[in-house]
Amino acid sequence: MKLINICGTRPNFIKIAALMAAYEHYSAIEPLLVHTGQHYDQRMSDLFFRELGIPQPDVNLGVGSGTHAAQTAEIMKQFESYVLENRPDAVLVVGDVNSTIACGLVAAKLGIRLIHVEAGLRSFDRTMPEEINRLLTDAISDMLFCSEPSGVDNLLREGKSAESIFLVGNVMIDTLLRNRDKAEDSPILETLRLDGGDYAVLTLHRPANVDDPDVLAGILAAIGEIQRHMPICFAVHPRTRKLLAQNTKGPRLEEMAHVRLTDPLGYLDFLKLIAHARVVLTDSGGIQEETTILQVPCLTLRENTERPVTIQSGYNELVGMDPDRILSGWKRATNGSAPTGSRPELWDGRAGDRIAKILSDNV
Ligand code: UD1
Ligand code: UDP
């Protein structure tokens with residue numbers, strides 16, 4: 001089976017790493033790797049290939065940034081030519097970014113089998129660009145690999161056939177478990193002058209949080225208060241860096257003595273950082289899952305999550321964007337007793353292998 005695998009953004013690289021490693025054990029699969037170029041900064045792309053040992057892509061489409069329509073259209077144009085040249089048996093997409101739906105549409109319209117990994121997740125919030133990408137990609141996919149039971153339920157409710165749905169576990173967690181020991185060698189805590197168990201980590205990049213200056217100002221006000229009690233490492237996404245530079249509302253991060261601002265961190269540094277944090281504040285999808293496995297309390301700065309199993313596990317709490325709610329969530333997470341919870345079903349480091357086996361059996 002000639003299988004084109006798509007990656008384009010930071011979380012895609014982390015997921016695709018697990019799949020590329022798994023294919024090595026299945027000779028029936030001949031994988032090709034396409035990088036769309038949606039993320040391109042060294043710290044958002046190359047660093048992950050190097051650290052995670054991902055093979056160099058067979059092609060980088062180099063599409064870069066743009067509006068949703070421009071970026072999606074550019075990926076489609078470039079990817080269509082590549083598919084016509086290479087004639088794959090199937091195309092595999094992961095996650096919910098613009099590269100996912102763009103390449104998915106190209107495959108479906110050329111009549112090529114489309115496989116979606118991380119299928120069925122739903123926030124039920126169509127103001128999120130990712131929710132549109134998830135709904136549309138699943139609607140046109142032939143094989144749907146789910147990371148948690150809610151994904152299976154959502155797909156069945158939307159009318160997908162039970163034979164096309166497979167609950168396989170979480171490829172992002174495969175990569176975490178594979179790198180957990182290695183990450184311990186990272187010197188990041190010393191570099192940032194942080195003591196294990198005594199600091200918070202923050203990431204922010206959702207348009208709903210960073211594009212609206214009033215919402216961003218409210219979040220910054222909560223951060224300003226929390227850092228008076230505990231140092232905070234804020235690993236700033238390039239989208240957010242741009243918006244923070246333009247933002248004139250709310251307190252200034254540079255004036256917060258206990259906030260450590262960093263560029264986006266490499267995978268191993270970031271894994272070590274969150275593994276030893278007292279609490280993580282984030283609007284990331286993947287980080288909600290990683291903290292669940294690391295058993296670190298996570299405050300999700302959103303009103304909903306497409307990953308409900310992380311809430312059921314006891315380690316994730318939705319606190320929205322209101323400063324008072326963020327602060328009371330932080331108090332609960334840091335004052336109370338540590339949550340106890342169980343590892344979600346099949347988040348055991350073998351999701352990639354299950355996917356590769358199913359694909360190999362269905363050549
Ligand atoms: C994208 C995904 C989002 C995912 C996130 C992971 C979509 C619609 N969004 O959001 O679902 O959670 O990636 O990080 O696909 N930029 C750089 N350098 C880069 C990449 C981006 O400077 O390497 C800046 C550019 O100014 C760009 C902006 O970030 O315009 C946004 O990039 P884009 O890929 O469009 O969306 P993300 O916010 O990164
Ligand atoms: N991550 C990283 N360095 C950082 C921030 C995040 O390596 O500075 C990793 C994180 O561990 C997770 C992934 O990037 O595996 C999440 O990506 P992101 O939050 O950008 O996207 P999302 O998961 O929200 O789509």
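Everything below is about the structure printed above this text.
Q: Got a sec to walk through the packing of helix α3 (residues 68–86) against helix α4 (residues 98–109)? Specific residues and values, please.
A: Two numbers describe how α3 lies on α4: the axes approach to 8 Å, and their chain directions differ by 45°. Between α3 and α4, the angle falls in the class oblique. Every pair of crossing elements has a handedness; the one defined by α3 and α4 is right-handed. Touching His-68, Gln-71, Thr-72, Ile-75, Met-76, Phe-79, Glu-80 and Val-83 of α3 are Asn-98, Ser-99, Ala-102, Cys-103, Leu-105 and Val-106, all from α4. Looking at the contact of α3 with α4, its residues break down into eight nonpolar, five polar and one charged.

Q: Any details on the pattern of salt bridges? Residues and values, ideally.
A: The final tally for this structure, using the stated rule, is 21 salt bridges. The shortest N-O distance in the salt bridge between Glu-289 and Arg-307 comes to 2.8 Å. One end of the pair, Glu-289, is in helix α13 (residues 286–294); the other, Arg-307, is in the loop between β12 (298–300) and α14 (309–312), and 18 residues separate them in sequence. Given the relative accessible area of 3%, Arg-307 is considered buried. The structure contains a network of salt bridges with shared partners spanning Lys-15, Asp-96, Glu-118, Glu-131, Arg-134, Glu-289, Arg-302, Glu-306 and Arg-307.

Q: Can you tell me about the site of ligand 1, naming the residues and giving the values?
A: Around ligand 1 lies a shell of 18 residues, among which Gln-38, His-39, Asn-98, Glu-130 and His-205 are the nearest. In the model, an oxygen atom of ligand 1 is placed 2.8 Å from a nitrogen or oxygen of the His-39 side chain. Note that an oxygen atom of ligand 1 is positioned 2.5 Å from one of the side-chain N or O atoms of Glu-130. Surface burial for ligand 1 is 89%, taken as the share of its 750 Å² of free accessible area covered by protein chains. At the level of secondary structure, the elements contributing two or more residues to the shell around ligand 1 comprise α3 and α11 (238–246). In the shell around ligand 1, the residues fall into five nonpolar, eight polar and five charged.

Q: Can you tell me about the site of ligand 2, naming the residues and giving the values?
A: Around ligand 2, a shell composed of 18 residues is seen, among which Arg-206, Leu-265, Ser-284, Gly-285 and Glu-290 lie nearest. Side-chain polar atom of Ser-284 to an oxygen atom of ligand 2: 2.8 Å apart, as the coordinates give it. Between Glu-290 and ligand 2, the recorded distance is 2.5 Å, taken from a side-chain N or O atom to an oxygen atom. Taking 540 Å² as the accessible area of ligand 2 by itself, protein coverage stands at 96%. Mapped by element, the contributors of at least two residues to the shell around ligand 2 are α1 (10–23), α12 (267–275) and α13. Of the residues belonging to the shell around ligand 2, the class tally is 10 nonpolar, five polar and three charged.

Q: Explain helix α10 (residues 213–226) to me, using residue names and the numbers behind them.
A: Between its first and last C-alpha, α10 extends 20 Å over 14 residues, near the 20 Å set by a 1.5 Å rise per residue. Turning to α10, its buried residues number three or more, namely Leu-216, Ala-217, Gly-218, Ile-219, Leu-220, Ala-222, Ile-223, Gly-224 and Ile-226. Its side-chain oxygen placed 2.9 Å from the backbone nitrogen of Asp-214, Asp-212 serves as the N-cap of α10.

Q: How would you explain the side chain of Arg-206 if you had to name every residue and give the values?
A: Here Arg-206 is to be found in the loop between β8 (200–203) and α9 (207–210). By relative accessible area, which is 10% here, Arg-206 ends up buried. Within the local environment of Arg-206, its side chain forms a polar contact with the backbone oxygen of Asp-283, the two atoms lying 2.9 Å apart. Once residues within four sequence positions are removed from consideration, Arg-206 is found in contact with Met-128, Glu-130, Asp-283, Ser-284, Gly-285 and Arg-302.

Q: Explain the pairing of β8 to me, and be specific about the residues and the numbers.
A: Successive side chains on a regular strand alternate, one facing one side of the sheet and the next facing the other. Burial along β8 is two-sided: the residues Ala-200 and Leu-202 and Val-201 and Thr-203 are all buried. As judged from the three bridges shared by β8 and strand β9 (residues 232–235), these two strands associate in the parallel manner. Residue pairing across strands places Leu-202 opposite Phe-234, the latter belonging to β9. Across four bridges, β8 lies against strand β11 (residues 279–282) in parallel orientation. What sits directly across from Thr-203, in β11, is Thr-282.

Criteria and cut-off values
Residues numbered from 1 in each chain as written. Chains lettered and ligands numbered in written order. Predicted model: local features only at pLDDT ≥ 70, side-chain atom pairs only at ≥ 80, totals over all residues. Heavy atoms only, no water. Axes fitted to C-alpha atoms, helices over the stretch in contact; angles between N-to-C directions. Helix = DSSP H or I, 4+ residues; strand = E, 2+ residues; numbered from the N terminus. Parallel < 35°, antiparallel > 145°, perpendicular 65-115°, else oblique. Left-handed = near helix turned anticlockwise from the far one by under 90°. Contact = heavy atoms within 4.5 Å. Nonpolar A, V, L, I, M, F, W, Y, C, P; charged D, E, K, R; others polar. Salt bridge = Lys/Arg side-chain N within 4 Å of Asp/Glu carboxyl O. Buried < 20%, exposed > 50% of the residue type's maximum accessible area, 1.4 Å probe, protein only. Near = heavy atom within 4 Å. Polar contact = N/O pair within 3.5 Å; in protein donor to acceptor, adjacent residues only side chain to side chain. Areas by Shrake-Rupley, 256 points an atom, 1.4 Å probe, with all protein chains shown as cover. Expected span 1.5 Å × (residues − 1). Pairing = 2+ DSSP bridges.

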